[in-house]
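# Report on the structure
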Amino acid sequence: MSVHQSSNIKRITTHILQEMKMRGEKISMLTAYDYSMAGIVDAAGIDIILVGDSASNVMAGHETTLPITLDQMIYHATSVVRAVKRAIVVVDIPFGSYQGNSSEALRSAIRIMKESGAHAIKVEGGSEIKESVIRILSAGVPVMGHLGLTPQSIYKFGTYTVRAKEEEEAKKLLEDAKLLEECGCFAIVLEKIPASLAKKVAETVSIPVIGIGAGGHVDGQVLVIHDMLGITQEFKPRFLRQYADLQSIMTKAVQDYIKDVKDRDFPTESESY
Ligand code: KIV
């Protein structure tokens with residue numbers, strides 16, 4: 001039975017996520033970018049759906065997350081929100097729509113919330129974007145932070161390797177996590193950092209810490225849905241557990257369909273009017 005079939009659906013809120021951390025219940029989070037996928041993920045019982053700017057990679061085929069626009073993110077978010085009955089929907093503010101100044105950041109956040117109906121936004125970075133985070137929060141928009149490997153800064157890093165292995169970067173990351181908590185963020189994503197550092201962050205801040213490539217000693221986990229379902233096959237980092245091989249299943253289904261059409265096996269009488 002799906003979660004939706006149960007009689008009353010209790011929406012996940014930032015408050016519930018906080019309670020989950022406090023009682024030690026792990027938080028599950030996955031990305032989704034469209035109505036059909038979001039409906040499946042939500043009905044399966046996920047806690048958080050992230051309309052990630054990874055849509056730039058897996059939906060649009062770009063090499064990085066930088067090209068996706070605010071309008072495109074709003075389009076994806078709107079489709080996801082229409083399908084979701086239980087999960088909290090968080091939307092990435094895309095590159096170039098919040099780093100410039102806090103007024104622009106607030107405008108972008110408000111557009112996402114107003115036009116898509118999403119419940120929260122996510123930003124990448126720490127002290128550098130403090131003013132923007134405060135401004136967005138002051139308008140009543142819940143903010144999720146994102147530290148460690150922040151893909152919007154890939155051209156600064158130059159590589160997708162593990163971040164914060166050196167003491168100085170690890171120290172800044174911990175300070176940034178504390179700062180995001182102080183500002184009022186409701187959760188923080190930690191991407192591709194040593195498990196020991198992620199554990200320290202999760203123990204230091206009182207808000208939920210969700211990891212991707214950050215080990216198991218955090219409050220929850222997030223993966224990109226196309227990667228964990230095996231729709232994408234070329235991306236296989238150590239942290240990725242692939243739960244299905246949908247690429248093979250889909251390829252076989254399409255090949256079977258092509259064969260049936262060519263062989264005149266489809267449609268049959270019973271499939272015709
Ligand atoms: O855009 C995204 O999918 C993300 C996750 C990897 C956390 O930010």
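The structure presented is a predicted model; accordingly, all values stated were derived computationally and were not measured.

### A word on unusual backbone geometry
- Residue F266 is joined to P267 through a cis peptide bond whose omega torsion reads -5 degrees.
- Along the chain, P267 turns up in the segment after α11 (246-262).
- Although it is not a glycine, A164 sits at a positive phi angle of roughly 60 degrees.
- Relative to the helices and strands, A164 resides in the loop between α7 (154-157) and α8 (167-183).
- Relative accessible area serves as the criterion here: at 4%, A164 is assigned to the buried category.
- In the Ramachandran plot, K192 falls in the positive-phi region, its phi being about 45 degrees despite a non-glycine side chain.

### Looking at the packing of helix α5 (residues 102-116) against helix α6 (residues 130-138)
- Viewed as axis vectors pointing N to C, α5 and α6 meet at an angle of 45 degrees, and their least axial separation amounts to 8 Å. In terms of orientation, α5 lies oblique with respect to α6. Considering only the axes of α5 and α6, their crossing is right-handed. Residue-level contacts link S102, S103, A105, L106 and A109 of α5 to E131, S132, R135 and I136 of α6.

### A closer look at the domain arrangement of the protein chain
- Domain parsing of the protein chain yields domain 1 (3-242) and domain 2 (245-273).
- Using C-alpha coordinates to define each centre, domain 1 is positioned 38 Å away from domain 2.

### Quick notes on α5
- Under the 1.5 Å per step criterion, the end-to-end length of α5 is 21 Å for 15 residues, consistent within 8% with the ideal 21 Å.
- Those residues of α5 that are buried lie in contact with α4 (70-83), β3 (88-92), β4 (120-122) and α6.
- The backbone nitrogen of S103 lies 3.0 Å from a side-chain oxygen of the residue at the head of α5, namely N101.
- Just past α5, the residue G117 takes up positive phi, approximately 80 degrees.

Each value, and the rule that gives it
- Residues numbered from 1 in each chain as written.
- Predicted model: local features only at pLDDT ≥ 70, side-chain atom pairs only at ≥ 80, totals over all residues.
- Heavy atoms only, no water.
- Helix = DSSP H or I, 4+ residues; strand = E, 2+ residues; numbered from the N terminus.
- Buried < 20%, exposed > 50% of the residue type's maximum accessible area, 1.4 Å probe, protein only.
- Axes fitted to C-alpha atoms, helices over the stretch in contact; angles between N-to-C directions.
- Parallel < 35°, antiparallel > 145°, perpendicular 65-115°, else oblique.
- Left-handed = near helix turned anticlockwise from the far one by under 90°.
- Contact = heavy atoms within 4.5 Å.
- Domains from an automatic or database assignment.
- Expected span 1.5 Å × (residues − 1).
- Polar contact = N/O pair within 3.5 Å; in protein donor to acceptor, adjacent residues only side chain to side chain.

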